[in-house]
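What follows is the residue order along each chain.
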Amino acid sequence: SRAIIAVSEISPDKTYAYYKSIQEAFYKEGVDITQEEHLLMFADRHGVEPEKFKEFFHSDAMHEKTLEHFKKAREFGVRGFPTLILQRDETYHLITNGYRPYDDLRSELESVLM
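Residues numbered from 1 in each chain as written. Predicted model: local features only at pLDDT ≥ 70, side-chain atom pairs only at ≥ 80, totals over all residues. Heavy atoms only, no water.

**A few points about the overall build of the protein chain**
Alright, step 1. Per the secondary structure count, the protein chain includes six helices and two strands.
Alright, step 2. Each helix and strand of the protein chain, ordered N terminal to C terminal, gives the series α-α-α-α-α-β-β-α.
Alright, step 3. Over its C-alpha atoms, taken along the principal directions, the protein chain stretches across nearly 45 × 30 × 25 Å.
Alright, step 4. For the protein chain, the proportion of its 114 residues judged to be buried stands at 26%.
Alright, step 5. In the protein chain, the proportion of contacts linking residues at least 24 apart, taken out of those at least 6 apart, comes to 37%.
Alright, step 6. Here the protein chain has roughly 8000 Å² of accessible surface; of this, 51% comes from carbon and sulfur atoms. (Helix = DSSP H or I, 4+ residues; strand = E, 2+ residues; numbered from the N terminus. Buried < 20%, exposed > 50% of the residue type's maximum accessible area, 1.4 Å probe, protein only. Contact = heavy atoms within 4.5 Å. Areas by Shrake-Rupley, 256 points an atom, 1.4 Å probe, with all protein chains shown as cover.)

**A word on the packing of aromatic side chains**
Alright, step 1. Evaluation of the coordinates by the stated rule reveals five aromatic pairs.
Alright, step 2. For the ring pair Phe26 and Tyr27, a centre distance of 4.7 Å and an interplane angle of 85 degrees mean the geometry is edge-to-face.
Alright, step 3. By relative accessible area, Tyr27 is classed as exposed at 62%.
Alright, step 4. Members of the aromatic cluster, joined through ring pairs, are Tyr18, Phe53 and Phe57.
Alright, step 5. Above the plane of the ring of Phe57 lies Arg2, whose end atom (NZ or CZ) is 3.9 Å from the centre. (Phe/Tyr/Trp six-rings, centres within 6.5 Å; stacked < 30°, edge-to-face > 60°. Lys NZ or Arg CZ within 6 Å of the ring centre and 35° of its normal.)

**With respect to the layout of surface pockets**
Alright, step 1. For the largest pocket, the calculated volume is near 1500 Å³.
Alright, step 2. Forming the walls of the largest pocket are 36 residues, and the residues nearest its centre are Ser1, Ile4, Tyr19, His69 and Phe81.
Alright, step 3. Residue assignment for the lining of the largest pocket shows that the elements contributing at least two residues are helix H1 (2-10), helix H2 (15-29), helix H3 (36-45), helix H5 (60-76) and strand E1 (83-88).
Alright, step 4. By residue class, the composition of the lining of the largest pocket is 21 nonpolar, nine polar and six charged. (1 Å grid on protein atoms, 1.4 Å probe; cavity = no way out; pocket = protein on both sides within 12 Å on 5 of 7 lines; lining within 4 Å. Points joined across faces, edges and corners; volume = space filled by probe spheres on them. Nonpolar A, V, L, I, M, F, W, Y, C, P; charged D, E, K, R; others polar.)

**Some remarks on the nonpolar core**
Alright, step 1. Membership of the largest hydrophobic core comes to 17 residues, with the highest contact counts inside it found for Ala3, Tyr18, Ile22, Leu39 and Phe53.
Alright, step 2. When contributions to this core are tallied by element, the ones reaching two or more residues are H1, H2, H3 and helix H4 (50-57).
Alright, step 3. If you tally residues by element for this core, the top one is H1, at five residues.
Alright, step 4. Once residues lying within four places of it in the same chain are set aside, the contact partners of Phe53 are Ala3, Ala6, Val7, Ile10, Tyr18, Leu39, Leu40, Ala43 and Val48. (Core = buried A, V, L, I, M, F, W, Y, C linked by side-chain atoms within 4.5 Å.)

**Here's the deal with helix H6 (residues 102-113)**
Alright, step 1. Within H6, the full set of buried residues consists of Leu105, Leu109 and Val112. Looking straight down H6, one finds that the buried residues subtend no more than 55 degrees of arc, so they occupy a single side. In H6, the exposed residues that point more than 90 degrees away from the buried face are Asp103 and Ser111. (Arc of directions from axis to C-beta.)

**Points about the side chain of Ser21**
Alright, step 1. In this fold, Ser21 is placed in helix H2.
Alright, step 2. For Ser21, a relative accessible area of 17% gives the class buried.
Alright, step 3. A polar contact of 2.6 Å, which involves the side chain of Ser21, links it to the side chain of His46.
Alright, step 4. Setting aside residues no more than four positions away along its own chain, Ser21 makes contact with Phe42 and His46. (Polar contact = N/O pair within 3.5 Å; in protein donor to acceptor, adjacent residues only side chain to side chain.)

Next comes the structure, spelled out in structure tokens:
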């Protein structure tokens with residue numbers, strides 16, 4: 001989580017690609033994404049300068065921001081994965097907490113988006 005937040009602070013446009021790479025490495029290839037060397041490698045692959053990544057990753061600000069994200073997840077009642085939270089402006093909507101087929105989500109999504 002902290003690595004993704006660090007990338008989002010350094011280069012917001014690269015956040016999703018970085019996140020996706022980490023998820024694929026973990027779930028498809030069994031890469032231990034808790035190891036800093038792997039996080040640095042993925043940052044470099046996505047054009048995030050490794051030394052800058054390290055600086056942000058280890059900063060007190062990223063530690064605090066990560067804790068804020070976890071606190072917000074608890075406030076939303078996140079208890080399972082995947083969880084889908086939709087943000088519209090400054091308002092957040094918990095759509096699902098745990099897996100549900102899209103057909104089950106459609107009406108909730110439409111009501112928030114309309």
